[in-house]
Amino acid sequence: MRRVGFSAFGPIWNAVSTFTSLFLRVAAIAVLGWSAVLPAPARADAVSPQLADLINAYRAAPTGCGGRPPVSALVAEPALSQVRIGTGTMLESALRSLGYRADRAQAITVSGPQDAAGAMEVLQKKYCATILDPAFSAIGTARTDWQVLLAHPLLIPALPGWEEAGRQILAEVNRARGAARSCGAVAFAPAPPVSWNGKLGIAALGHSTVLARDRYFSHKERDGSEPADRALRAGYQWQLVGENIASGNRTPQEAVQAWLDSPGHCANIMNPRFSEMGAAYSINPDNENRTAYWTQMFGRPL
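Residues numbered from 1 in each chain as written. Predicted model: local features only at pLDDT ≥ 70, side-chain atom pairs only at ≥ 80, totals over all residues. Heavy atoms only, no water.

**Q** What am I meant to see in the environment of Pro-252 here?
**A** Considering the arrangement of structural elements, one finds Pro-252 in helix H9 (residues 252-260). Expressed as a C-alpha distance, the spacing of Pro-252 and Ala-292, which sit 40 residues apart in the sequence, is 9.9 Å. In contact with Pro-252, other than residues within four places in its own chain, are Leu-159, Ala-165, Gln-168, Ile-169 and Trp-294. (Helix = DSSP H or I, 4+ residues; strand = E, 2+ residues; numbered from the N terminus. Contact = heavy atoms within 4.5 Å.)

**Q** Please explain the packing of helix H6 (residues 162-177) against H9 as it appears in this structure.
**A** Between two packed helices, what matters for the description is the angle formed by their axes and the separation of those axes. Across the interface, H6 lies against H9 with an axial gap of 9 Å and an inter-helix angle of 40°. It follows from the interaxial angle that H6 and H9 lie oblique. In the crossing of H6 with H9, the sense of the turn from one axis to the other is right-handed. Contact residues: H6 offers Ala-165, Gln-168, Ile-169, Glu-172 and Ala-176, while H9 offers Pro-252, Gln-253, Val-256, Trp-259 and Leu-260. When grouped by side-chain class, the residues that make up the contact of H6 with H9 number seven nonpolar, two polar and one charged. (Axes fitted to C-alpha atoms, helices over the stretch in contact; angles between N-to-C directions. Parallel < 35°, antiparallel > 145°, perpendicular 65-115°, else oblique. Left-handed = near helix turned anticlockwise from the far one by under 90°. Nonpolar A, V, L, I, M, F, W, Y, C, P; charged D, E, K, R; others polar.)

**Q** How should the packing of aromatic side chains be read in this particular structure?
**A** In this description, an aromatic ring pair is defined by two values, namely the gap between the centres and the angle between the planes. All told, the structure shown has two aromatic pairs when counted by the stated rule. Ring geometry for Phe-274 versus Phe-298: centroids 5.1 Å apart, planes at 20°, classification stacked. Of the two residues, Phe-274 is situated in the loop between helix H10 (263-270) and strand E11 (276-283) and Phe-298 in strand E12 (residues 292-301); the sequence distance between them amounts to 24 residues. For Phe-274, a relative accessible area of 1% puts it in the buried group. (Phe/Tyr/Trp six-rings, centres within 6.5 Å; stacked < 30°, edge-to-face > 60°. Buried < 20%, exposed > 50% of the residue type's maximum accessible area, 1.4 Å probe, protein only.)

**Q** Teacher, can you tell me more about the nonpolar core here?
**A** Here is a general trend for soluble globular proteins: nonpolar side chains tend to be buried in one another's company. Residues Ile-169, Val-173, Trp-259, Ile-269, Met-277 and Trp-294 are the most contacted members of the largest nonpolar core, which totals 27 residues. Residue assignment for this core shows that the elements contributing at least two residues are H6, strand E10 (238-247), H9, H10, E11 and E12. Among the elements that line this core, the one with the most residues is H6, at five residues. The contact partners of Ile-169, leaving out residues within four places of it in the chain, are Pro-252, Val-256, Trp-259, Met-277, Ala-279, Trp-294 and Gln-296. (Core = buried A, V, L, I, M, F, W, Y, C linked by side-chain atoms within 4.5 Å.)

**Q** Honestly, the sheet that holds strand E4 (residues 102-110) in this entry has me stumped. Any pointers?
**A** The pairing of strands in a sheet comes from backbone hydrogen bonds and takes either a parallel or an antiparallel form. Taken together, the four strands give an open sheet; going across it, the order is E3-E5-E6-E4, and neighbouring strands pair in mixed fashion. Only two strands of the sheet have a single neighbouring strand rather than two, namely strand E3 (75-76) and E4. Pairing between E4 and strand E6 (residues 146-153): eight bridges, direction antiparallel. Bridging across to E6, Ala-107 finds its partner in Leu-149. (Pairing = 2+ DSSP bridges.)

**Q** Which parts of the structure should I look at to understand the pattern of salt bridges?
**A** A side chain with one charge may pair with a side chain of the opposite charge, provided their charged atoms come close. This structure, assessed with the given rule, holds 10 salt bridges. For the salt bridge of Arg-167 with Glu-163, the shortest nitrogen-to-oxygen distance reads 3.3 Å. A residue pair is termed a helical-turn pair when its members lie 3 or 4 positions apart in one helix, as Arg-167 and Glu-163 do in helix H6 at four residues. For Arg-167, a relative accessible area of 37% gives the class partly exposed. Residue Glu-221 pairs with Arg-230 through a salt bridge whose shortest N-O separation is 3.7 Å. Of the two residues, Glu-221 and Arg-230, both sit in the buried class. Sharing partners across several salt bridges, the network here consists of Glu-221, Asp-223, Arg-230, Arg-233 and Glu-243. (Salt bridge = Lys/Arg side-chain N within 4 Å of Asp/Glu carboxyl O.)

**Q** Can you help me understand the state of the cysteines in this one?
**A** The term disulfide refers to a covalent linkage connecting the sulfur atoms of a pair of cysteines. Scanning the model with the defined rule gives two disulfides in all. The partner cysteine of Cys-65 in its disulfide is Cys-128, sulfur to sulfur 2.1 Å. The sign of the S-S torsion, about 85°, decides the handedness of the disulfide formed by Cys-65 and Cys-128: right-handed. Note that Cys-65 is positioned in the loop between helix H1 (48-60) and E3 and Cys-128 in helix H5 (residues 128-131), a separation of 63 residues in sequence. Cys-128 matches Cys-65 in its accessibility class, with the two residues each being buried. (Disulfide = S-S within 2.5 Å.)

Shape is all these values report; function is a separate question.
Following this line, the structure appears as structure tokens:
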């Protein structure tokens, strides 16, 4: 989920926020065939791996399904074969209990076929788009009657220190400012590059730290301070100041792209009146998803 918003403060500051969270698709459990009985507990046996092989063979050379192209093979993950799917099963909780963290997962249960080939025939006819989805990279199968669980593991890239990440944001911003761009209905000419300002970087770091620590998302801190106040508190005397914030983006590049994708945020980045910038991120060490809170401060000094 992404959340954006912006506002203005004298003479101008555009506060732009983007929120991105991890997501997990709730299992789509399809019971096909004559049986309406709830599946027995999943068991991985010598037969069910054959179904994974058939699915990978189909991904390598798909037929039908709207002419979808081949996709890479799925990697067998033992934990995915151990999940028990039944009424009300929450995949995220079930996977976590087995030590598998995913950013997306989907389960299909087929009842009726007597062998893997029969189950594959049903999957190909009814669920070809799901089993050909390139977003999935892992698979677990079990004889439940037939259970297929597709997933993509949660991958959290390592981030550099806050200042290095901020300077990567600076590079992305100057790359964007170097070319004409439309931000929604507003056209912007190329803008001069902005330079790094350490005081704005400290202000950005302070705000990101507060957001990560308190696990909330706002331009106004609990003490009532706003971006202009934080810039002054860091020792930055400004004519103009602006702020972008984001949460959940995994890299500096993702954060900048999220801002550029929204007209108000894009306009902030392309504003030719800004001449300096600082940026930072912070992560609460108690947050198991390692959610990064990003703050980008623009300014024009007195």
